[in-house]
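Residue-level listing of the chains:
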Amino acid sequence: MRFLNKVVVVTAAANGIGRASAERLRDEGAKVWALDRDGDALNAIDGVERVLVDLTNAAEVAALPDRIGAIDTLCNIAGYVAAGDILAGSEADWALSFDLNVHASYHMIRAFLPGMLDKGGGAIVNMSSIASSVKGIPNRCAYGASKGAVIGLTKAVAADFVGRGIRCNCICPGTVETPSLRQRVVDQAAAQGVAVADADAAFVARQPMGRLGRAEEIAALVAYLASDEAGFTTGAVHVIDGGWVN
Ligand code: NAD
């Protein structure tokens with residue numbers, strides 16, 4: 001029970017890594033505010049406070065602390081995976097990648113950091129990816145550029161507030177089995193004109209462990225970085241990828 005009496009906000013909490021993280025933190029005693037725009041999926045999670053929000057709407061994000069109050073931990077999990085190289089990817093996808101993957105976390109931190117500082121400290125966990133400054137991945141131009149910015153944002157916040165009780169870390173997963181990954185497998189199969197099973201096998205083949213990650217495995221790292229056990233860790237990039245970049 002590492003999170004008794006702790007108040008936690010988790011974005012993208014309705015599905016995948018966000019949901020696994022919200023449930024893990026809840027099970028460890030936290031009061032969890034679960035944020036997502038998918039109301040039906042959000043309603044399926046028990047034992048959390050549910051907030052319907054479009055994280056790309058800066059005004060909606062800025063209003064959140066009035067409803068939620070001061071928190072101890074902020075988990076910025078929301079992200080969008082755009083396909084395409086710099087020529088094939090659309091400008092709309094480039095903009096949405098930065099709106100959700102970078103600007104939403106920027107606005108969330110600006111909204112909740114003052115309350116964390118008033119409380120005397122707290123932890124921020126941002127979700128980056130192996131596709132970032134860690135590694136160039138084909139067909140992921142906008143995604144990789146935006147996830148690189150997440151690493152820069154993480155390090156900047158960590159450096160600025162290290163003396164005021166704030167820790168800020170980010171996580172770079174390899175390929176993880178989630179609803180959106182399932183859709184990417186189907187899309188990739190269609191784009192390449194191959195069977196879904198073959199596209200699936202190509203995603204698995206990138207992982208030397210021979211399997212995809214599980215959302216619960218990423219959630220365990222989220223919970224560790226959010227907890228006091230990680231008290232000596234800030235500004236760090238935590239790779240969890242089945243050995244992909246090793
Ligand atoms: P997912 O697609 O399964 O779930 C994403 C959730 O975000 C959904 O519930 C969706 O409703 C919500 N969401 C999307 N746009 C929103 C918005 N504008 N406002 C509010 N909610 C919104 O995602 P996932 O695969 O679990 O990925 C979670 C994070 O992990 C993302 O940042 C992703 O880039 C990162 N990541 C995932 C993988 C992977 O293989 N799954 C790998 C590396 C990094």
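Per an unreviewed UniProt entry, the protein carries the name 2-keto-3-deoxy-L-fuconate dehydrogenase and comes from Sphingomonas jinjuensis. If you open the UniProt record of the protein and go to Sequence similarities (unreviewed entry), you find "Belongs to the short-chain dehydrogenases/reductases (SDR) family."

(A) Just the overall build of the protein, in detail. Each helix and strand counted, the protein has eight helices and nine strands in total. Relative to a compact globule of 246 residues, whose C-alpha radius of gyration would be 18 Å, the protein shows 17 Å and is just as compact. Referenced to the eigenvectors of the C-alpha coordinate spread, the extents of the protein come out at roughly 55 × 35 × 35 Å. A buried classification covers 49% of the 246 residues belonging to the protein. In the protein, the proportion of contacts linking residues at least 24 apart, taken out of those at least 6 apart, comes to 69%. Taken as a whole, the protein presents about 11000 Å² of accessible surface, with 52% of it coming from carbon and sulfur. Computing the positive centroid from 22 side-chain charges and the negative centroid from 27, the protein places the two 5 Å apart.

(B) Representation of the site of the ligand. Near the ligand there are 29 residues, and of these Asp36, Ile77, Tyr143, Val176 and Thr178 occur at the shortest range. Asp54 places a polar side-chain atom, nitrogen or oxygen, 2.9 Å from a nitrogen atom of the ligand. Thr178 places a side-chain nitrogen or oxygen 2.6 Å from an oxygen atom of the ligand. When the free accessible area of the ligand is taken as 840 Å², the share hidden by the protein chains comes to 92%. Here the ligand is seated within the largest pocket. Counting only elements with at least two residues in the shell around the ligand, the list comes to helix H1 (16–27), helix H5 (141–161) and helix H6 (179–192). It is H6 that provides the largest number of residues to the shell around the ligand, a total of three residues.

(C) Expanded view of the packing of H1 against helix H8 (residues 215–226). Orientation of H1 relative to H8, taken along the N-to-C sense of each, is 55°, at an axis distance of 8 Å. When the axis of H1 is compared with that of H8, the two are oblique. Considering the relative orientation of H1 and H8, their crossing is right-handed. Two secondary-structure elements touch here, H1 through Gly16, Ile17, Ala20, Ser21, Arg24 and Leu25 and H8 through Ala215, Glu216, Ile218, Ala219, Ala220, Val222 and Ala223. Of the residues that constitute the contact of H1 with H8, the class distribution is nine nonpolar, two polar and two charged.

(D) Quick look at the environment of Trp94. Secondary-structure assignment places Trp94 in helix H4 (residues 91–119). A relative accessible area of 40% places Trp94 in the partly exposed class. Between the C-alpha atoms of Trp94 and Arg19, which are 75 residues apart in sequence, the distance is 26 Å. Sequence-distant contacts of Trp94, that is, excluding residues within four places in its chain, are made with Cys141, Ala142 and Ala145.

Quick notes on the rules
Within every chain, residues take consecutive numbers counted from 1 along the sequence as written. The model is predicted, so local features are restricted to residues of pLDDT at least 70 and side-chain atom pairs to those at 80 or more, both for listing and for counting; the totals for chains, interfaces and linings are taken over all residues. Values shown for side chains rest on all heavy atoms present in the structure; no hydrogens or waters enter the calculation. UniProt positions are given in the numbering used here, feature names are shortened, and annotations may be inferred rather than shown by experiment. Numbered from the N terminus, helices here are DSSP runs of H or I no shorter than four residues, and strands are runs of E no shorter than two. Each radius of gyration reported is based on C-alpha atoms, and the globular scaling rule is 2.2 Å times the count of residues to the power 0.38. Exposure is judged per residue with a 1.4 Å probe applied to protein chains only, and the accessible area is read against the type maximum: over 50% gives exposed, under 20% gives buried, and values in between give partly exposed. We call two residues in contact whenever any of their non-hydrogen atoms come within 4.5 Å of each other. Note that accessible areas follow from Shrake-Rupley with a 1.4 Å probe, and for residues the cover is restricted to the protein chains shown. Think of it this way: Lys and Arg go in the positive column, Asp and Glu in the negative one, and His and the chain ends go nowhere. Taken as the charge centre is NZ of Lys, CZ of Arg, CG of Asp or CD of Glu, depending on the residue. Nearness is defined per residue: one heavy atom within 4 Å of the molecule or strand is enough. Two N or O atoms count as a polar contact when they lie within 3.5 Å, although within protein this holds only if one can serve as hydrogen donor and the other as acceptor, and sequence-adjacent residues are included solely when both atoms are side-chain atoms. Cavities and pockets are defined on a 1 Å grid built over the protein atoms alone: a cavity is a set of grid points where a 1.4 Å probe fits but cannot escape, while a pocket is an open set with protein on both sides within 12 Å along at least five of seven lines, and lining residues are those with an atom within 4 Å of any such point. Any molecule with more than half of its atoms within 2 Å of a cavity's or pocket's grid points is counted as sitting in it. Geometry is summarised by axes, namely lines fitted to C-alpha atoms with helices restricted to the contacting stretch, and by angles between N-to-C directions that run from 0 to 180 degrees. What sets the label is the angle itself: under 35 degrees gives roughly parallel, over 145 gives roughly antiparallel, 65 to 115 gives roughly perpendicular, and the rest give oblique. Should the near helix be turned anticlockwise from the far one by less than a right angle, the crossing is left-handed, and should it be turned clockwise, the crossing is right-handed. Residue polarity follows a fixed list, in which Ala, Val, Leu, Ile, Met, Phe, Trp, Tyr, Cys and Pro are nonpolar, Asp, Glu, Lys and Arg are charged, and the others, Gly among them, are polar.

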